[in-house]
Amino acid sequence: MTKTILILLAALAGCVTVEPAPDPRGAVKPGQRLIVLVYQSPGPWIVADPDSKAESALKLMPLGSFLQNMQEEKINELSKDIQPYLPRPRYDQALEAELIKLLKAAHGGPVQTAAEAGIAPLQRREWNAAADQLDWRRAYYALEAGQRAPRDYSKLLSLDDALIVDVNLSFGLEPDVDDRTLPTLSAALRVYRADTTRLLWSREERLSDKLSSATLSEFRAVPADLTDRLYALSVPLARLIASDLSKSLNLVAAPPPVAVLAAPPPPAYGIAAPVALSTASYGAI
């Protein structure tokens, strides 16, 4: 019976029309301004138990969204229970600094932070407002196909010439393919035209600490171990994102500066010093 259900589910999944991904070719003009905005989740996302195959299959059913919502609520409760014990390193700042450095090397135009682009801190907070981490994930991280952009960049006319690199950063514990629960840093990446907030490119990237062997109980006892491991993933994830962006958007670096040879110094046309004549060398007149 279970086998029959799974076959039917696979058939239904095959009938689903998948919206094609945006084509990013030619999206970035030579010298165009890029504005990098990294938004961090308000709290951790602690997934203690991986989905069973049956649960994953059931999510494809019409009631699958109901099952998924229940599961997300359960994850959110656990995440909020652990949140007060975790230190709060700024993973977003570490990732943003590295990402901007790499994009400046890969792109011939300006690459700016929110502050450099004249975006007020209050505006940034409004663009990342959420009641909790589950609300944040639903609003900004896991967007459904065809869903409108959650942040309307077109309202700021000063950004019209730019492309927005929108990075939504989630942190916590998630299971891997071997059902180990590992420290994981993940990012939902999107590139928008600022003047229309039209989506040009999107991707999700994640990195896990595969050397970790600690259980959730052990991380509860020493929460700094979890946050230290997550912070160590910030720069490697930024490098992965920069590589994605450079390849997918065909970024072109600025040409190296032309070496200008210094002109040789002009020849010295000095005047010979006068020679003093000694009267001792001549006889008296």
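In this text the structure is predicted, and so the values were computed from the model without any measurement.

K.L.:
Requested: an account of the overall build of the chain, with residues and values cited.
P.N.:
Within the chain, the secondary structure is distributed over nine helices and six strands. Expressed as a percentage of the 285 residues in the chain, the buried residues total 38%. Here the analysis covers contacts within the chain between residues at least 6 apart in sequence; of these, 76% occur between residues at least 24 apart.

K.L.:
Pulling in residues and values, what's your account of helix H8 (residues 223-232)?
P.N.:
Pro223, Leu226, Thr227 and Leu230 are the residues of H8 that are buried. Take H8 and look down its axis: the buried residues cluster within an arc of 90°, on one side only. Of the exposed residues in H8, the ones pointing more than 90 degrees away from its buried face are Asp228 and Ala232. Those residues of H8 that are buried lie in contact with helix H4 (91-106), strand S4 (163-175), strand S5 (181-193), helix H7 (216-221) and helix H9 (234-248).

K.L.:
Outline the environment of Gln93, supporting the account with residue identities and numerical values.
P.N.:
Structurally, Gln93 is set in helix H4. With relative accessibility at 48%, the residue Gln93 sits in the partly exposed group. Sequence separation between Gln93 and Ser234 is 141 residues, and the spatial gap between their C-alpha atoms is 8.9 Å.

K.L.:
Tell me about the nonpolar core, and name the residues and values.
P.N.:
One recurring pattern in soluble globular proteins: nonpolar side chains tend to sit buried together. Val36, Leu95, Leu99, Val167, Leu169, Ile241 and Leu245 are the most contacted members of the largest nonpolar core, which has 39 residues in total. Leave out the neighbours within four places in its chain, and Ile241 touches Leu95, Leu99, Val167, Ala187 and Leu189. Core analysis: the second largest hydrophobic core is formed by 13 residues, Tyr39, Ile119, Leu159 and Ile164 among them.

K.L.:
Help me get a handle on the confidence of the model for the chain, residues and values and all.
P.N.:
Within the chain, residue pLDDT values average 83, and 77% of them lie at 70 or more. This model gives residues 1-21 a pLDDT under 50, and the stretch forms eight contacts once residues within four places in sequence are excluded. Ignoring residues within four places in sequence, the model shows residues 277-285, a span with pLDDT below 50, making zero contacts including any to other chains.

K.L.:
Explain the environment of Trp45 to me, and be specific about the residues and the numbers.
P.N.:
Turning to its location among the elements, Trp45 is positioned in strand S2 (residues 45-46). Once the C-alpha coordinates of Trp45 and Leu78 are considered, the two residues, 33 residues apart in sequence, prove to be 8.5 Å apart. Excluding its chain neighbours within four sequence positions, the residues that come into contact with Trp45 are Glu72, Ile75, Asn76, Ser79, Gln133, Leu134, Arg137, Ser170, Phe171, Gly172, Leu173 and Glu174.

K.L.:
Residues and numbers for the packing of aromatic side chains, please.
P.N.:
Applying the stated rule across the entire model yields six aromatic pairs. Ring centres 5.0 Å apart and planes at 45° place the aromatic pair Tyr91 and Phe171 in the tilted group. Residue Tyr91 is found in helix H4, and its partner Phe171 is found in strand S4; the two are separated by 80 residues along the sequence. Of the two residues, Tyr91 and Phe171, both sit in the buried class. Joined through ring pairs, the aromatic side chains of Tyr91, Phe171 and Tyr231 make up one cluster. Sitting over the ring of Tyr39, Arg124 keeps its end group 5.3 Å from the ring centre. For Arg151, the ring lying beneath its charged end belongs to Tyr39, and the centroid distance is 3.6 Å.

Cut-off values and rules
- Residues numbered from 1 in each chain as written.
- Predicted model: local features only at pLDDT ≥ 70, side-chain atom pairs only at ≥ 80, totals over all residues.
- Heavy atoms only, no water.
- Helix = DSSP H or I, 4+ residues; strand = E, 2+ residues; numbered from the N terminus.
- Buried < 20%, exposed > 50% of the residue type's maximum accessible area, 1.4 Å probe, protein only.
- Contact = heavy atoms within 4.5 Å.
- Arc of directions from axis to C-beta.
- Core = buried A, V, L, I, M, F, W, Y, C linked by side-chain atoms within 4.5 Å.
- pLDDT = per-residue confidence, 0-100.
- Phe/Tyr/Trp six-rings, centres within 6.5 Å; stacked < 30°, edge-to-face > 60°.
- Lys NZ or Arg CZ within 6 Å of the ring centre and 35° of its normal.

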